[in-house]
Amino acid sequence: MNQNKNHQALLKLTATAMMAAIVFVSNFLRITMPVPIGGVTAFTLANIVCALSGILLGPWYGFLAAGLGSFFYDFTNPNYADEALITLCTKGLYGLIAGLVLYYVLKSAKEKYGAQLAATACAAVGYMINYSIKVYFYNGMVKGGFTEPIQCWAGVVSRLPATVTNGVIAMVFAPILGVALMKAMRAAHLEKMLA
């Protein structure tokens, strides 16, 4: 019995590390653009994999996979290294929220597209709020040295199109991948890796 628990924990840890690596690599799939106030923004596919981490691994392991993969990307990129710890939390929350909604609110329908879409939508909205708060305070006040709220809000608004687009792309593709991967993992008798 104890050996079975250890084996299951090892499978979960391995799946989490694999998803963190996929999140890390997916962060390279981006188009970076300058914004008029406060630096750059990016259209990226990483949000899809962050949501997918929560869908497949559940909230806590999803938090680790999404957060650590994004953290290591930021930490190894000189443009974002100073934001790595913030990214650990904001992207980690993407996986956490998707997992919490799917496994605690919609648990009876967790393998259905609609439930995964709702979980991804909640995670996307949560991330948009967290990211906007980070842009306002960190990028605006701390990094940008802005003293007027209007300057900080301008930084948030200038990044909004990319943030919303990234969220919508995640809502389209994460549930499609989530449903397909859950079915494939069950068919391969790897359901112990799922949450």
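Rules of the game
- Residue positions are given per chain, counted from 1 along the sequence in the order it is written.
- Reporting of local features is limited, given that this is a predicted model, to residues whose pLDDT is at least 70; pairs of side-chain atoms are given and counted only at 80 or more, and all residues count toward the totals for whole chains, interfaces and linings.
- With hydrogens and water set aside, each side-chain value is computed from the structure's full complement of heavy atoms.
- Numbering of helices and strands starts at the N terminus; helices are DSSP runs of H or I of at least 4 residues and strands are runs of E of at least 2.
- Both definitions apply: the radius of gyration is a C-alpha atom measure, and the globule rule equals 2.2 Å times residues to the power 0.38.
- Residue burial is assigned from relative accessible area. The probe radius is 1.4 Å, only protein chains are included, and a residue is buried under 20% of its type maximum, exposed over 50%, and partly exposed in between.
- Accessible surface is estimated by sampling points in the Shrake-Rupley manner with a 1.4 Å probe; for residues, cover comes only from the protein chains shown.
- In this count, Lys and Arg are taken as positive residues and Asp and Glu as negative ones, while His and the chain termini are left out.
- In plain terms, the charge of a residue is placed at NZ if it is Lys, CZ if Arg, CG if Asp and CD if Glu.
- For this analysis, residues touch if any pair of their heavy atoms sits within 4.5 Å.
- The axes used here are C-alpha line fits, helices contributing only the stretch in contact, and every angle between their N-to-C directions lies in the interval 0 to 180 degrees.
- Here the word oblique covers every angle except those under 35 degrees (roughly parallel), over 145 (roughly antiparallel) and from 65 to 115 (roughly perpendicular).
- Handedness of each helix crossing follows the sense of rotation of the near helix against the far helix: counterclockwise by less than a right angle gives left-handed, clockwise gives right-handed.
- In this analysis, a patch consists of residues with relative accessible area above 30% that form no salt bridge, clustered at 9 Å for like charges and at 5 Å for the nonpolar side chains Val, Leu, Ile, Met, Phe, Trp and Tyr.
- A side-chain nitrogen of Lys or Arg and a carboxyl oxygen of Asp or Glu constitute a salt bridge if their distance falls within 4 Å.

Participant: Which parts of the structure should I look at to understand the overall build of the protein?
Facilitator: When helices and strands are counted, the protein shows 6 helices and 2 strands. Beginning at the N terminus, the succession of helices and strands in the protein can be written as α-β-β-α-α-α-α-α. For 195 residues, the compact-globule estimate of 2.2 N^0.38 gives 16 Å, and the protein sits close to it at 17 Å. In the protein, buried positions account for 44% of the 195 residues. Total accessible area on the protein stands at roughly 9,800 Å², and carbon and sulfur atoms take up 74% of it. In the protein, 13 positive and 6 negative side-chain charges are present, and the distance between their average locations comes to 12 Å.

Participant: Got a minute to help me understand the environment of Y73 in this structure?
Facilitator: Within the secondary structure, Y73 sits in helix α3 (residues 59-76). Of the residues examined, Y73 reaches a relative accessible area of 5% and is grouped as buried. It is 8.1 Å that separates the C-alpha atoms of Y73 and F28, two residues lying 45 residues apart in sequence. Residues in contact with Y73, not counting those within four places in the same chain, are F24, N27, F28, R30 and Y80.

Participant: I would appreciate a short explanation of the packing of helix α4 (residues 84-105) against helix α5 (residues 113-143) in the present structure.
Facilitator: Two numbers describe a pair of packed helices, the interaxial angle and the distance between the axes. For the pair α4 and α5, the least separation of the axes is 8 Å and the interaxial angle reads 155 degrees. Here α4 lies roughly antiparallel to α5, going by the angle between them. Handedness of the crossing formed by α4 with α5: right-handed. Judged by residue contacts, I86, T90, K91, L93, Y94, I97, A98, V101 and L102 of α4 engage A115, Q116, A118, A119, C122, A123, A124, G126, Y127, N130, K134 and Y138 from α5.

Participant: Looking at this model, I keep getting lost on a nonpolar patch on the surface. Mind explaining?
Facilitator: Taken together, the side chains of Y113, L160, V164, V168, V172, F173, I176, L177 and L181 define a hydrophobic patch exposed on the protein surface, amounting to about 710 Å² of accessible area. Position of L181 among the secondary structure elements: in helix α6 (residues 149-187).

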